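What follows is the residue order along each chain.
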Amino acid sequence: MSVTDGTNGQPVDGLPIRLERFDLDRWQPVWNGITGADGRADCAVDPRDVPGAFLLTLETARYFTTLGLRPFYSHITIAFSGEEILERQELPVVVTPRGYTVCAVG
């Protein structure tokens, strides 16, 4: 996955990310990470290997606050299925202080 700041077109560095999987009637933490200087985070767990529903949460408040901006979304949560991500090779996310866009590219 990769995260780009839509206000300046630059990769988002240092963005905390959390991945959870729905299992046994509740969301279970699977992985926590932080984007690097290239805006990418390589998850140690590949959702393609584990069928089911996932939540990917981006903690955007701190990032935009450090830029002097007031974000509307403190966290952005993207729900997807492991089966759906099977056909995808990339999950780019573009964030702005007032919105976000996700496009599963495959």
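This section reports on the structure supplied with the text. (Residues numbered from 1 in each chain as written. Predicted model: local features only at pLDDT ≥ 70, side-chain atom pairs only at ≥ 80, totals over all residues. Heavy atoms only, no water.)

### Quick word on the overall build of the chain
Secondary structure summary: the chain contains two helices and eight strands in total. Overall, the chain shows an N-to-C arrangement of helices and strands of β-β-β-β-β-α-β-α-β-β. Scored against the burial criterion, the 106 residues of the chain give a buried share of 32%. Once local pairs closer than 6 in sequence are excluded, the contacts in the chain between residues at least 24 apart make up 56%. Carbon and sulfur atoms provide 51% of the accessible area of the chain, an area that totals close to 6,200 Å². (Helix = DSSP H or I, 4+ residues; strand = E, 2+ residues; numbered from the N terminus. Buried < 20%, exposed > 50% of the residue type's maximum accessible area, 1.4 Å probe, protein only. Contact = heavy atoms within 4.5 Å. Areas by Shrake-Rupley, 256 points an atom, 1.4 Å probe, with all protein chains shown as cover.)

### Comments concerning the sheet that holds strand E2 (residues 10–11)
Working definition: the strands of a sheet are paired by backbone hydrogen bonds and lie parallel or antiparallel to each other. Strand order in the open sheet formed by four strands is E2-E1-E7-E8, and the pairing between neighbours is mixed. In this open sheet, the two edge strands, each paired with only one partner strand, are E2 and strand E8 (99–102). Bridge count for strand E7 (residues 92–96) against E8 is four bridges, and the pairing is antiparallel. Bridge pairing links Thr96 to Gly99 in E8. (Pairing = 2+ DSSP bridges.)

### As for the packing of aromatic side chains
What characterises a pair of aromatic rings is the spacing of the ring centres plus the angle enclosed by the ring planes. One pass over the structure, following the stated rule, counts five aromatic pairs. Ring centres of Tyr63 and Phe64 lie 5.0 Å apart, and the angle between their planes is 70°; on these two criteria the pair is classed as edge-to-face. Classification of Phe64 by relative accessible area gives buried; the value is 1%. Between the aromatic rings of Tyr73 and Tyr100, the centroid separation amounts to 5.5 Å while the plane-to-plane angle is 80°, which identifies the pairing as edge-to-face. One end of the pair, Tyr73, is in the loop between helix H1 (61–66) and strand E6 (75–81); the other, Tyr100, is in strand E8, with 27 residues separating them in the sequence. Overall, Tyr100 belongs to the partly exposed group, its relative accessible area being 36%. Three or more aromatic residues joined by ring pairs make a cluster, and in this case those are Phe72, Tyr73 and Tyr100. (Phe/Tyr/Trp six-rings, centres within 6.5 Å; stacked < 30°, edge-to-face > 60°.)

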